[in-house]
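So you can see what is in the structure, the chains are spelled out below.
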Amino acid sequence: MGTTKQNLFIFLLICQVLALGFFCTRNNVLKKRLLTAFRVMRTEFSAKEGLVERPTGKENSTGKDISTDEENLWKGYTPTKISHSAEEVKSFAFIKVPKTGSSTMYTILSRFALDRKLDIITPDRHSYLDLDSPEAKGKTWEIGPKNHSKGDVVMHHAIYKNYLYEKYLKKGYKLIVSVREPVAWFKSAVHHYGNAVGHKTAEQMVFDAHAFHHNRIMFHNRQIHYLGFKNPYGSFNMSEVKDFIAKMINRIDIIILNEQYDASLLIMMKKFGWKYSDIFYSKMRLVNTFQHPFSDKAAKKLLLKEYNLKDKIYYDEMNKTWWAQPELKEESFWDEVAYFTALNKRVMSNECPGILKNKHPIILPVTQYHGSLNITFIMCKRILSEWGGLMDCVISYVFKQGDQC
């Protein structure tokens, strides 16, 4: 009981801090983040202290009873059958922009494609995908394993060119794009490409004009460049930039906003008719950019037109479009985001390690948010694989080199 009281005291103290931040800030985005943080914390605390309503024990596929204490961390359990109105989407293209959470997204989408045995477009090695001149000698990519002329999905690093995607993907594919606030993106990119830039800090790179422009292929308006903007390094033309962004926003089906990753995944899941088990993930190549100092002066210079203003305009429009989605106006949606965040964390840290150890699947029961979920050995193996290992799996699948996953 003493431990419970101590935990309750800490919980209430943190609530007071979050509430103070919520009522003192005028930033609506920050308010949403504080509210989501509170809901995640409330869900985890309630489960830990046994304050949630729990269903009766259920049996997994091995016939063993799953402890209700371990089985349910969601609040307000409601045994409702969930049905998606959307038909399951099985054809999509993901524009894999570096340092936007794209490696994590690759693991989610490749796992979906492998589970459904879809035809994937992929290079034959860990390299960028270049769909230009496929008939040229030394072609290094393939479509497969069944249909070698039209693929269902592509999710590798590639510059988006509509005519090539229309040529090699099946008609009606959905376009998914990840995007990140440009200052945080730049700090992460400099950290990632440290060897190539002599381990300069992000601040040093901004104030060293020669180093920045010498390495512009890695740092200069990289996000808008991946969408196919033809002149990312050239002179600044506001109307050209805005026209391109408007055209692309009309084409994009799903925006994965890095700062609202779980909420973005839930929206994709609902629009695509997918299940919770399709979007469980383990974070890949995570870098905490807050640990890397970056002055206001450096940020202002980075966003000048001679540097990355195009990316800033692009991000601002994508961010505004994301927040305009009707789902975000519903309070219940943010409750579900908190629920999914907590559930995904538990599946990654508790359920999957246990399944990989014991080689026995489990079934998570029906809740108000989803139907029963079958968590299997192969699912956990793929989820917890390193990004490179899963790519090897995709390559062997497409090129029929044997099952490596």
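The residue numbers shown here count from 1 along each chain, following its written sequence. Where local features are concerned, this predicted model is filtered to residues with pLDDT of at least 70; where side-chain atom pairs are given and counted, the filter is 80 or more; whole-chain, interface and lining totals use all residues. Each side-chain value is worked out from all heavy atoms of the structure, with water and hydrogens disregarded.

**Description of the packing of aromatic side chains**
1) Next: For Phe, Tyr and Trp, where Trp contributes only its six-membered ring, two rings pair if their centres lie within 6.5 Å, and the inter-plane angle classes them as stacked under 30 degrees, edge-to-face over 60, or tilted in between. The final tally for this structure, using the stated rule, is 21 aromatic pairs.
2) Next: For the pair Phe 229 and Phe 244, a centre-to-centre distance of 5.1 Å together with 70° between the ring planes defines the contact as edge-to-face. Note that Phe 229 is positioned in the loop between helix H10 (222-226) and helix H11 (238-251) and Phe 244 in helix H11, a separation of 15 residues in sequence. Assigned by exposure class, Phe 229 and Phe 244 land together as buried.
3) Next: Arranged with centres 5.9 Å apart and planes meeting at 20°, the rings of Trp 323 and Trp 334 form a pair that is stacked. Here the residue Trp 323 occupies a position in helix H15 (residues 309-323), and Trp 334 occupies one in helix H16 (residues 331-358), the gap between them amounting to 11 residues.
4) Next: We call a residue buried when its accessible area falls under 20% of the maximum for its residue type, exposed when it is over 50%, and partly exposed in between, using a 1.4 Å probe and counting protein chains only. Given the relative accessible area of 19%, Trp 323 is considered buried.
5) Next: Every member of this aromatic cluster is reached through a ring pair, and the members are Phe 186, Tyr 193, Phe 212, Phe 219, Phe 294 and Tyr 307.
6) Next: The ring of Tyr 173 carries Arg 251 above its face, with NZ or CZ at 4.8 Å from the centroid. Numbering of helices and strands starts at the N terminus; helices are DSSP runs of H or I of at least 4 residues and strands are runs of E of at least 2. Whether a charge sits over a ring comes down to the Lys NZ or Arg CZ being within 6 Å of the ring centre and within 35 degrees of the ring normal.

**Things to note about the packing of H11 against H15**
1) Next: For every element, the axis is a line fit to its C-alpha atoms; helices are fit only across the contacting stretch, and the angle between N-to-C directions ranges from 0 to 180 degrees. At a minimum axis distance of 10 Å, the contact between H11 and H15 shows a crossing angle of 35°. For the crossing formed where H11 meets H15, the hand is right-handed. Residues Met 238, Val 241, Ile 245 and Ile 249 of H11 pack against Lys 310, Ile 313, Tyr 314, Glu 317, Met 318 and Thr 321 of H15.
2) Next: Its residues assigned to classes, the contact of H11 with H15 shows 7 nonpolar, 1 polar and 2 charged. Take the far helix as the reference: if the near one is turned anticlockwise from it by less than a right angle, the crossing is left-handed, and if turned clockwise, right-handed. What makes two residues a contact is simply this: any of their non-hydrogen atoms within 4.5 Å. Under the scheme applied here, ten amino acids are nonpolar (Ala, Val, Leu, Ile, Met, Phe, Trp, Tyr, Cys and Pro), four are charged (Asp, Glu, Lys and Arg), and all others, including Gly, are polar.

**Remarks on the packing of helix H12 (residues 261-272) against H16**
1) Next: Orientation of H12 relative to H16, taken along the N-to-C sense of each, is 105°, at an axis distance of 9 Å. As summarised for this structure, H12 and H16 are arranged roughly perpendicular, according to the angle between their axes. From H12, Asp 262, Ala 263, Leu 265, Leu 266, Ile 267, Met 269 and Lys 270 reach across to H16, where they touch Phe 333, Trp 334, Glu 336, Val 337, Phe 340 and Thr 341.
2) Next: Looking at side-chain class alone, the contact of H12 with H16 contains 9 nonpolar, 1 polar and 3 charged residues. With respect to orientation, any angle under 35 degrees is reported as roughly parallel, any angle over 145 as roughly antiparallel, any angle of 65 to 115 as roughly perpendicular, and every other angle as oblique.

**What to know about the pattern of salt bridges**
1) Next: A side-chain nitrogen of Lys or Arg and a carboxyl oxygen of Asp or Glu constitute a salt bridge if their distance falls within 4 Å. One pass over the structure, following the stated rule, counts 14 salt bridges.
2) Next: The salt bridge involving Asp 119 is made with Lys 170; its shortest N-O contact spans 3.9 Å. Separated by 51 residues along the polypeptide, Asp 119 in the loop between helix H4 (102-115) and strand S4 (120-123) and Lys 170 in the loop between helix H5 (162-168) and strand S7 (174-179) bring together distant segments of the chain.
3) Next: In this structure Asp 119 comes out as buried when scored by relative accessible area, which is 2%.

By themselves, these figures tell us nothing about what the structure is for.
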